[in-house]
Structure formats: C-alpha cells, structure tokens
Amino acid sequence: MSLPLACPGSITLQYTDRMQDETAARTDEDTVRRQDDALRQLMRAVQEGDRDAYDQLLRRIIPIVRACARRHCQNAADVEESVQDSLLTVHRVRHTYDPRRPFLPWLTAIAMRRSIDGLRRRTRIGRHETVELTPLELDEAGELQERTDTAQAAEEAASAGPRLAELLQRLPARQREALRMLKLQEMSLAEAALASGQTVGALKVNVHRALRRLRGLVSEGR
Amino acid sequence: MMEPGVQTESALTERLIRKLSADLQPVHRLRPPAVRATLWLATVFVLVGMALYLFADWHTFLARMAVPRRALECAATGVTAVTAVLAAFVSSVPGRSRWWAALPVPPLALWLAGSGLGCLQNGWSLHGPGGFLGDSPHCFVFIVGVSVPLATALFWVLRRARPIAPLRVAALATLGVAALAAFVLEFFHPFDVTVIDLALHLSAVALIVLAGIAVRRVLT
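Residues numbered from 1 in each chain as written. Chains lettered and ligands numbered in written order. Predicted model: local features only at pLDDT ≥ 70, side-chain atom pairs only at ≥ 80, totals over all residues. Heavy atoms only, no water.

**Student:** Sorry, what's going on with the side chain of H95(A) here?
**Tutor:** Residue position: H95(A) is located in the loop between helix 3 (76-92) and helix 4 (103-127). Judged by relative accessible area, which is 9%, H95(A) ranks as buried. Of note is the side chain of H95(A), whose polar atom sits 2.5 Å from the backbone oxygen of R160(B). Those residues in contact with H95(A) that lie beyond four places of it in its chain are Q47(A), V27(B), H28(B), R29(B), L30(B), R160(B) and A161(B). (Helix = DSSP H or I, 4+ residues; strand = E, 2+ residues; numbered from the N terminus. Buried < 20%, exposed > 50% of the residue type's maximum accessible area, 1.4 Å probe, protein only. Polar contact = N/O pair within 3.5 Å; in protein donor to acceptor, adjacent residues only side chain to side chain. Contact = heavy atoms within 4.5 Å.)

Written out as structure tokens, the structure reads:
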C-alpha cells in the first residue's frame, strides 16, 4: 500500500474507491457472462442449422470482432476486411465450438488471429510485394474479360478466348480459381472466400500472383 | 459521413451476413480435443503394440531398461509423444490457452537430458558399435519412415478442425509423431546412445517437424 498508516482519511477513501471498483468489475463480469450465455445459446442453435439464430448471432458478434480488428488495423477499410475474414472463419469452423464452454474466448481467438494475419499480410505487402492490385493490373484483368465478352471484339476473342483459356490452364489451381472468381466473375473477396474455402488474404495473394504470372506468360508468347 | 470505400465494405459485410445465414447447414459438432486425442493415440498404440509384440527384441529391450537412466529416457520419449499429440488436438480448436503448446516441453527436456547424460556416461565417444556412424543411419531412416505415415494419419484427423493457427498445430503434431517413432525405436535399439546417434535422432525429429511446418496449409 502506498499511503502511510498515519493518514486514515485517505485509507478510507482508497477503501471506498476499491469497493466501487470491485462492484463495477463484478457488474462488468455479470454483463459479459450474460452476453456469453446468450451467444452460446445462439451458437448451439446455429450448429443445428437455425438460420435466424445465425443472422442474429453474426450481427451481435460484429462489434466484438470489429473491436479486435481495430487493434491491428489502421484504416476503416482494413477493419471491415478483417471483420469479413473473421465472419468467414467463424462460418468455416463453427463445428469446433463446444457449447459447454464459453463462447467469447472462442470468438475472440478467431477474430484476433484473423486481424493479426491481416496485419502480417499488409506488412509483407509493404516490404516485399504489392498484393493490392495496381490500376494497370486491374486494366489487364478488365481487358482479358472484355476480350472474351465484348461483341465488337468478337473476331479478336475468337483467337484470344482459346489463348486465354490455355494461359489460365497453365496457372496453379488456386491462382486460377482466385482470378476466375474475383476478376472474371466479379465476386467480392468475401464471396470468393466463401465459395473457394481460401481466406481473403490468400485470395488477394493468389490473384496478384496469377496476374503477374499471366503477364509473364503473355510476354513469353509475344 | 463514411468514406465511399468503407461504405462499400460495410455493404459487403451486410451482404455476407445475409448469404452466410441463407446458406447455413447443420454441422456435426467436433468431439472435445482430449477425447479425439485419446482415440487417436489408443488406435496407434494398439497397432504399434501389435507390431512390437511380433517384431521387437524384447530381451535386449528389457535388459536395457533395467538401467534407470535409460528407462527414464524411454518413458520421457513416450510422454513427449503423448503430450505433443494432445497439445496438437487442443491447439487445433480456437479459444484454448496457448500454454497447451508448452505441455510437451518438460518431457522433451527430460528426453534430451537423459540422452545427453547417456552420451556423457559414454565419454562423448563419437564411435558406437560398428564404427563412426555404425547403425545410426538406420535409426534416422526408422524415425523418418515411421513418422511419415503417422503424421499423414494425424494431419488427416486434425484437418477436421481446420485450425486457425496451423503452424503451431503442425509443429506439435509432427513433434508428437517423431517422438512416438523414437519411442518405438527404443524397442529395436540394441546399444546405448552415442553422440552421432543422438545427433541423427534429433536430425530426424527436426526434419519431420520442419516438413510438417512446411506443409501446414494442408490442415486448413
């Protein structure tokens, strides 16, 4: 104790403060326990296939997941991306939750892991490789799509289509899948992650590598 | 006022929630990790036990185990295997303490200390029976050869949990199977450990752990 014993008034004040702190902490604990119980019940229903419960659960966990993401993300777009990645992971591993155990440690472990993964990915991007698509890459992807879709380019597409298909076949399966979903089918990262089973981060890396490799293959072919 | 990019992302989050809810299917809950680890270990121990019953050199093994230091080293190897496999199962599920990963550390330290003591008692001799390398390369091949199928079987089971921290799970799982292989090797190891022998044992374990880490993505 930092205060001298010869200062009884301060001791009383400190004692009162501590009592108030303990009461507040108990109230917080009760709130968290009640929240955890409610989420645990919802998750039990989710595991049995209750769609309304799932909608409710996902909406209720978003603030918690977002709070975890904010600890590692600097801008709001990164936070949202991390939130989506966490929701997808919750969906993928929902069978691992044991309703006899508290829900919040299970959820926060996922949210923290995904936001740390995102942070690592962004750091790697900063250091080594540009995973975010540059306007040029976006143009290239758009061009590839236009070549096959546009009526005016039908003649060109007649030769570019098979060529494109051949080039795509030369990509590793995961890169091809990422490129097809994100650039040719224009799915969002979250939708593509859900459909492919890849994480948002892995998709971003794969689509970038696919485009880089395609560019290399096209240059070789010229 | 929200930035346009963030607004789009929020809309995507909203769309994702609707899609996930609409596509929801019931799932079979995974059994608790301790139960899954026990089942896996029990199956492996039954199979290994049968193989040992048929093929092990029990006479030499029991003679070697009469020395307390060797018995302790052998037990520590087995306990390392069991604790590492248990820790891998527990770590494969989100929300469990990270300290589970430290569970195999004490028996691993005991295993290494026992082996080190064996080398010390043998005068740090580089030469075992049969010359410089002697039978040690066989030990290396044995540990790798036994670990690979065990690791494949363990990864196949662990994959069901789709671990969110695959590196930790892969490292623990491969440490577990490599220690299990080293434990089984004790039944076919007619001589006490030498420096070269220990180095090759540890190299085999390290190789298996590194290979497991390298292919950790198969878990997810």
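**Student:** Explain the interface of chain A and chain B here, please?
**Tutor:** It is common to give the size of an interface as the accessible area that goes away when the parts come together. Each partner contributes to the interface: chain A provides 43 residues, whereas chain B provides 33 residues. Where chain A abuts chain B, roughly 3,400 Å² becomes buried across the two surfaces, and 62% of that area is made up of carbon and sulfur atoms. Note that R29(B) is salt-bridged to E48(A), the shortest N-O span being 3.9 Å. Summed over the shared surface of chain A and chain B, the result is 10 residue pairs in polar contact (both at pLDDT 80 or more). Of all the secondary-structure elements, those providing two or more residues to the side of chain A that touches chain B are helix 1 (8-47), helix 2 (51-70), helix 3, helix 4 and helix 8 (189-196) of chain A. If one sorts the elements of the side of chain A that touches chain B by residue count, helix 3 of chain A sits on top with 11 residues. (Buried area = accessible area lost by both parts, 1.4 Å probe. Salt bridge = Lys/Arg side-chain N within 4 Å of Asp/Glu carboxyl O.)

**Student:** Explain the nonpolar core here, please?
**Tutor:** Residues L57(A), I61(A), L87(A), F103(A), W106(A) and L107(A) are the most contacted members of the largest nonpolar core, which totals 52 residues. In terms of residue count, helix 2 of chain A provides more of this core than any other element does, 10 residues in total. Leaving out residues up to four positions away in the same chain, L87(A) has contacts with L58(A), I61(A), I62(A), T13(B), L16(B), I17(B) and L20(B). With 46 residues, the next largest nonpolar core counts A76(B), A87(B), I143(B) and L185(B) among its residues. (Core = buried A, V, L, I, M, F, W, Y, C linked by side-chain atoms within 4.5 Å.)

**Student:** Just to check I follow, could you spell out unusual backbone geometry for this structure?
**Tutor:** Apart from glycine, the bulk of residues carry a negative phi angle, and the bulk of peptide bonds sit in the trans form. Positive phi values are uncommon outside glycine, yet R162(B) reaches one of about 45°. Note on R162(B): relative accessible area 31%, which makes it partly exposed.

**Student:** Is there a simple way to think about the packing of helix 5 (residues 105-121) of chain B against helix 8 (residues 195-214) of chain B in this case?
**Tutor:** The angle between the axes and the distance between the axes are what describe a pair of packed helices. Residues and elements named next belong to chain B. The N-to-C vectors of helix 5 and helix 8 enclose an angle of 155°; their axes lie 9 Å apart at closest approach. Our classification of the angle between helix 5 and helix 8 gives roughly antiparallel. In this structure, helix 5 contributes W111, L112, S115, G116 and C119 to the contact, and helix 8 contributes V195, L198, L202 and V205. For the contact of helix 5 with helix 8, the residue count by class is 7 nonpolar, 2 polar and no charged. (Axes fitted to C-alpha atoms, helices over the stretch in contact; angles between N-to-C directions. Parallel < 35°, antiparallel > 145°, perpendicular 65-115°, else oblique. Nonpolar A, V, L, I, M, F, W, Y, C, P; charged D, E, K, R; others polar.)

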